[in-house]
Amino acid sequence: MLFLRKHVTLLALLLAGILWGIISLFVRQLSAYNLPNAQIVLLRCCISALLLGGFLGIRAPKLLRIRLQDIWMFIGTGIVSLFFFNLCYFYVISHGYAAVGGVLLYTSPAFILLLSALLFKEKFTQRKFIALLLTLAGCILVSGLCTQTQRIPLKIFVYGIGSGFFYALYSIFSKFAFKRYDSLTITFYTFLFASIASLFTCNPATILQFCRAEPRIIPWSIGLAFFCATLPYILYTWGLMRTSAGRASILVAVEPMVCAILGMCVYGEAHTPLKILGVACILAAILALSRSDS
């Protein structure tokens, strides 16, 4: 119990990364029903907003109140960050560069460390720098990118870096919102604004047609929204309130490690020594940060 109390923030952030890491279980199933990526993103955001909004409306309606002059914070977390991150990330994946996308997405800790130092005066310690290098190395190794000779198109690279940058902005905008709002409030309005933006990229009527043709899409979509969006974002936002943005961003980098383990254990992907070394690098980064809250 003493260990749990001392490391509850660490555990919350790690659990958030683990839950994000199992997203392939749901996305692969929904893709098997021929549901396009844009519709999957919309379902994930809308269902999450409905689940969390309904919970807050019943249990804590005060948390739904925000000031009009603060709306820019939630436009930042929901549209500037979550929506544009999804656009960039799914563009890279849809063009057959999933491994590249996974690596470039986790340039986000570097952006967060830099922006946090500039905006919030967070210290860029030697331990954070080493953990960042271990994380980037681990992501490259588990993706298998270092064994590929395929040239990466410039547009794919730009969109991949964009996904990391926009992903990083969630932590930055959230830090501003923490001054006035609860983590649940921030998470709800993030999904609400992301849902509104997503409506302009796909036709909701198409989703209804898919659901009528294949009703099993509904439970899988709810599972995706709850386990890979609502719950991990609540955990990450809560943890972000209690530690530095740079440290939080590196801890949730357990996500690609979980993806790699799932790929090897569930989908029969190769158990290469480089992947195992990549997992070890990410674990080493987490261990390094678990010893200090700096």
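Residues numbered from 1 in each chain as written. Predicted model: local features only at pLDDT ≥ 70, side-chain atom pairs only at ≥ 80, totals over all residues. Heavy atoms only, no water.

Q: Can you help me understand the packing of aromatic side chains in this one?
A: The relative placement of two aromatic rings is captured by the distance of their centres and the angle of their planes. Summed over the entire model, instances satisfying the criterion amount to 25 aromatic pairs. Judged by centre distance (6.1 Å) and plane angle (35 degrees), the ring pair of Y170 and Y236 falls under tilted. Residue Y170 is located in helix 9 (residues 154-177), and its partner Y236 is located in helix 12 (residues 217-240); the two are separated by 66 residues in the primary sequence. Of the residues examined, Y236 reaches a relative accessible area of 5% and is grouped as buried. Through pairs of rings, three or more aromatic residues link up here, namely W20, F85, Y89, F90, Y106, Y167, Y170, F191, Y233 and Y236. (Phe/Tyr/Trp six-rings, centres within 6.5 Å; stacked < 30°, edge-to-face > 60°. Helix = DSSP H or I, 4+ residues; strand = E, 2+ residues; numbered from the N terminus. Buried < 20%, exposed > 50% of the residue type's maximum accessible area, 1.4 Å probe, protein only.)

Q: Can you walk me through helix 10 (residues 183-198) in this structure?
A: Along an α-helix, a turn takes 3.6 residues, which lines up residues three or four apart on a common side. Taking 1.5 Å per residue, 16 residues should reach 22 Å; helix 10 reaches 22 Å between its end C-alpha atoms and fits that length. With respect to burial, helix 10 is a largely interior element, 14 of its 16 residues being buried. The N-cap residue of helix 10 is D182: its side-chain oxygen and the backbone nitrogen of L184 are 2.8 Å apart. (Expected span 1.5 Å × (residues − 1). Polar contact = N/O pair within 3.5 Å; in protein donor to acceptor, adjacent residues only side chain to side chain.)

Q: How should the layout of surface pockets be read in this particular structure?
A: Taking a probe equal in size to a water molecule and rolling it over the atoms shows the remaining empty space. Taken as a whole, the largest pocket encloses approximately 860 Å³ of empty space. Surrounding the largest pocket, 33 residues form its lining, S24, Y89, I93, A98 and C259 being those nearest its centre. Listing elements by their share of the lining of the largest pocket, those giving two or more residues are helix 3 (23-32), helix 4 (37-59), helix 5 (71-94), helix 6 (98-105), helix 8 (126-143) and helix 14 (254-265). Ranked by the residues each element gives to the lining of the largest pocket, the list is headed by helix 14, at 6 residues. Taken together, the residues that form the lining of the largest pocket break down as 21 nonpolar, 7 polar and 5 charged. (1 Å grid on protein atoms, 1.4 Å probe; cavity = no way out; pocket = protein on both sides within 12 Å on 5 of 7 lines; lining within 4 Å. Points joined across faces, edges and corners; volume = space filled by probe spheres on them. Nonpolar A, V, L, I, M, F, W, Y, C, P; charged D, E, K, R; others polar.)

Q: It is not clear to me how the pattern of salt bridges should be interpreted in this structure. Could you clarify?
A: Pairing between side chains of opposite charge can happen when their charged atoms approach one another. Taken as a whole and judged by the stated rule, the model has 3 salt bridges. For R216, the salt bridge is made with E214, and the minimal N-O distance between the two is 2.9 Å. Given a relative accessible area of 19%, E214 falls into the buried group. Shared partners join several salt bridges into a network, and the residues in it are R67, D70 and R180. (Salt bridge = Lys/Arg side-chain N within 4 Å of Asp/Glu carboxyl O.)

Q: It is not clear to me how the nonpolar core should be interpreted in this structure. Could you clarify?
A: Membership of the largest hydrophobic core comes to 85 residues, with the highest contact counts inside it found for L224 and Y236. Examining the composition of this core, we find that 10 residues originate from one element, helix 12, more than from any other. With residues up to four places along the chain from it excluded, the contact list for Y236 reads L13, A16, W20, I112, Y170, S171, A248, S249 and V252. With 6 residues, the next largest nonpolar core counts V92, Y97, L104 and I156 among its residues. (Core = buried A, V, L, I, M, F, W, Y, C linked by side-chain atoms within 4.5 Å. Contact = heavy atoms within 4.5 Å.)

Q: Whenever I open this one, the side chain of S116 confuses me. Can you help?
A: Relative to the helices and strands, S116 resides in helix 7 (residues 108-119). Ignoring any residue separated from it by four or fewer positions in sequence, one finds S116 in contact with K121, E122, I172, A245 and G246.

Q: Which parts of the structure should I look at to understand empty space enclosed by the protein?
A: Summed over the entire model, instances satisfying the criterion amount to 1 cavity of 30 Å³ or more. Its volume calculated, the largest cavity comes out at about 70 Å³. Contributing to the lining of the largest cavity are W20, S108, I112, Y167, Y170, S171, Y233, Y236, S249 and V252. Of all the secondary structure elements, the ones that give two or more residues to the lining of the largest cavity are helix 7, helix 9 and helix 12. The greatest single-element share of the lining of the largest cavity, amounting to 3 residues, is contributed by helix 9.

Q: Which parts of the structure should I look at to understand the side chain of D70?
A: The topology assignment puts D70 in the loop between helix 4 and helix 5. Its relative accessible area of 4% is what places D70 among the buried residues. Setting aside chain neighbours within four positions, we find D70 in contact with R180 and Y181.

Q: Please clarify how the environment of F74 should be interpreted in this entry.
A: Tracing the backbone through its elements, the reader meets F74 in helix 5. The exposure class assigned to F74 is buried, which follows from its relative accessible area of 0%. For F74 and S174, which are 100 residues apart along the polypeptide, the C-alpha to C-alpha distance reads 8.2 Å. Those residues in contact with F74 that sit more than four places away from it in its chain are I66, I79, Y181, T185, I186, Y189 and F193.

Q: Please clarify how a nonpolar patch on the surface should be interpreted in this entry.
A: Together, L51, I218, I222, F226 and F227 give the surface a local cluster of nonpolar side chains, amounting to about 410 Å² of exposed area. Here the nonpolar patch gets 4 residues from one element, more than from any other, and that element is helix 12. Topologically, L51 is positioned in helix 4. (Patch = residues over 30% accessible without salt bridge, like charges linked within 9 Å, V, L, I, M, F, W, Y side chains within 5 Å. Areas by Shrake-Rupley, 256 points an atom, 1.4 Å probe, with all protein chains shown as cover.)

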